[in-house]
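Listed below, chain by chain, are the residues.
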Amino acid sequence: MTQFGHTKLPAEQQQALRTGRRLQIFSICYLLVTVTLVAIVMGSSQAMKAAWIEDCLSFLPPIAFLVALKQARKQPDREHPYGYHRAIGAAHLAASVALLTLGAYVLFESVMTLVNQEHPTIGTVEIFGRTIWTGWLMIAVLALTGFPNVLLGRMKMKVAETLHDKVLFADADMNKADWQTATGAIAGILGIGLGLWWADSLVAAFIAASIVKDGWSNLGNALAGLLDRQARTFDDAKDHPAIDQVTRFFKGMPWVDEVLVRMRDEGHLFHTEVFVVPVADVDLDQVDAARDAAARLDWKLDDLQVIPVKRLPGDD
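Residues numbered from 1 in each chain as written. Predicted model: local features only at pLDDT ≥ 70, side-chain atom pairs only at ≥ 80, totals over all residues. Heavy atoms only, no water.

Named according to an unreviewed UniProt entry, the chain is Cation diffusion facilitator family transporter originating from Luteococcus sanguinis. The UniProt entry for the chain carries the following comment under Subcellular location (unreviewed entry): "Membrane". Word for word, the UniProt comment on the chain under Sequence similarities (unreviewed entry) is "Belongs to the cation diffusion facilitator (CDF) transporter (TC 2.A.4) family." (UniProt positions renumbered as here; feature names shortened; annotations may be inferred.)

Enquirer: Even after reading the chapter, I still don't get the overall build of the chain, so can you show me in this structure?
Expert: Of regular secondary structure, the chain possesses 9 helices and 7 strands. Relative to the globule expectation of 20 Å for 316 residues, the C-alpha radius of gyration of the chain, 25 Å, shows a markedly less compact shape. Reported as C-alpha extents along the three principal axes, the dimensions of the chain are approximately 90 × 40 × 30 Å. Taking the contacts inside the chain whose residues are at least 6 apart along the sequence as the reference set, 71% of them involve residues at least 24 apart. (Helix = DSSP H or I, 4+ residues; strand = E, 2+ residues; numbered from the N terminus. Rg over C-alpha atoms; globule rule 2.2 N^0.38 Å. Contact = heavy atoms within 4.5 Å.)

Enquirer: In this structure, what is going on with the packing of helix 3 (residues 60-72) against helix 6 (residues 166-193)? I would like to understand it.
Expert: Packed helix pairs are specified by the crossing angle of their axes together with the interaxial distance, meaning the distance between the axes. Helix 6 packs onto helix 3 with a crossing angle of 165° between their chain directions and a minimal axis gap of 9 Å. When the axis of helix 3 is compared with that of helix 6, the two are roughly antiparallel. Considering the relative orientation of helix 3 and helix 6, their crossing is left-handed. Between helix 3 and helix 6, the residues in contact are Pro 61, Pro 62 and Phe 65 and Val 167, Leu 168, Asp 171 and Met 174, respectively. Here the residues of the contact of helix 3 with helix 6 sort into 6 nonpolar, no polar and 1 charged. (Axes fitted to C-alpha atoms, helices over the stretch in contact; angles between N-to-C directions. Parallel < 35°, antiparallel > 145°, perpendicular 65-115°, else oblique. Left-handed = near helix turned anticlockwise from the far one by under 90°. Nonpolar A, V, L, I, M, F, W, Y, C, P; charged D, E, K, R; others polar.)

Enquirer: Explanation requested: the packing of helix 1 (residues 11-41) against helix 5 (residues 134-163) in the structure shown.
Expert: At their nearest, the axes of helix 1 and helix 5 sit 10 Å apart, and the two run at 165° to each other. If you check the angle between helix 1 and helix 5, you find them roughly antiparallel. Where helix 1 crosses over helix 5, the two elements pack in a sense that is left-handed. Residues of the contact of helix 1 with helix 5, tallied by class, amount to 16 nonpolar, 11 polar and 2 charged.

Enquirer: I keep staring at the packing of aromatic side chains and nothing clicks. Help me out?
Expert: The description of an aromatic ring pair uses the distance of the two centres, along with the angle that the planes make with each other. One pass over the structure, following the stated rule, counts 3 aromatic pairs. Ring centres of Phe 169 and Phe 234 lie 5.6 Å apart, and the angle between their planes is 85°; on these two criteria the pair is classed as edge-to-face. A residue pair is termed long-range when its members are at least 10 positions apart, and Phe 169 in helix 6 and Phe 234 in the loop between helix 7 (197-226) and helix 8 (241-251) qualify at 65 residues. The buried category is assigned to Phe 234, whose relative accessible area is 11%. (Phe/Tyr/Trp six-rings, centres within 6.5 Å; stacked < 30°, edge-to-face > 60°. Buried < 20%, exposed > 50% of the residue type's maximum accessible area, 1.4 Å probe, protein only.)

Enquirer: How should I be thinking about unusual backbone geometry in this particular structure?
Expert: As a rule of thumb, non-glycine residues mostly have phi less than zero, and peptide bonds are mostly trans rather than cis. Non-glycine residue Asp 228 carries a positive phi angle of around 65°. The topology assignment puts Asp 228 in the loop between helix 7 and helix 8. Even without being glycine, Asp 236 reaches a positive phi, approximately 60°. Looking at Asp 236, the relative accessible area reads 8%, which means it is buried.

Enquirer: Explanation requested: the pairing of strand 4 (residues 130-133) in the structure shown.
Expert: Two faces belong to every sheet, and in a regular strand the side chains alternate between them. The sheet contact formed by strand 3 (residues 124-127) and strand 4 spans 4 bridges and is antiparallel. For Glu 126, the partnering residue across the bridge sits in strand 4 and is Thr 131. Hairpin remark: strand 3 followed by strand 4, antiparallel, with 2 residues in the connecting loop; positive phi at Phe 128, about 50°. (Pairing = 2+ DSSP bridges.)

Have a look at this one:
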C-alpha cells in the first residue's frame, strides 16, 4: 500500500490509499445489506425499483477500484514498460458505464410507466398484530440506507482529490445519485399514498435524467483520458496545474530557450515529456538535475523525461 509501480507514495497519499481501500470494502458490505432490505420492501413502486437497480449497479465502482488498485501496484515489465497505471483509466470507464446504464434504464422504465399509465399499488402488512401500510416500511428502509451515502460520497471525494483517483470520484458521484434516488423514491411513495399515481414514476424519471447526465459526463472524460488527452484535475474540471508548473520551471532555466510540455494521465501518475530547445550545447548533467528537480514539484510527476531538441514538436 506504499507505492504505485516503482513510484513510492508520500505519507499523505499512503494514508489516503489505505482510507480509500477501507471505504470501498465498507461500501461493498453496506451495499449487500441495502440491496437485501430494498428487495424485501420494494413492492410495485417504480421509484423503489429504480433505487434497487441503482444499488445493484453501485457494486461495480468499488469492485473496479479494488481490482485496478491491485493492478496499478505492479512493477513495470518488458511488456508494460509504462507500468499498469492505465488500470485506473479502465476502472473509471467501467464506473462511468455503470452510471450511464443505470440512468438510461431507469429513465426508460419510468417514461414507459407514465406513457402506459400504470398505477402502482402499495399494500399493507401485518406486524405484531397491527396492520401497517407498506409505504412506511419503504420510506424507513430508504432513509436508513440512503443517508450514509451522503457521508460516504464526501469521504470518497476527499480521498479522490488526494490520490488523483477518478474511479473514486465517479464512485462518489454514484453515492450522490444513490441518496438522490432514495430521497426521490420517498417523495414518490408519499405521492402514491396521496393518490397521485404519476408522482412515483415522474420522480424516478427526473432522478434518472440527472444520473444520465453524470454518467455521460464521466464516460466522455474516461474515454478522453484513455485517448491521451492533456492531463486534467481529478474531477476533469480543468487542465492540471502541474502542466503550468513544469512549463514555468523549465522556462526559468538559463540554458533553456523554448519549452513544450506534454502530460498525459496514466491513472494516478502522469507520463510527462518536456521538450526543450537549449540556447547552446547542453550538458547532460544539467538535464538530469533539472529532471530530478522538476519531478519533485508534484508526486505524480515521477515518470518525467526531458528531451533536448532543435525545434519544438509542431513547429516543423
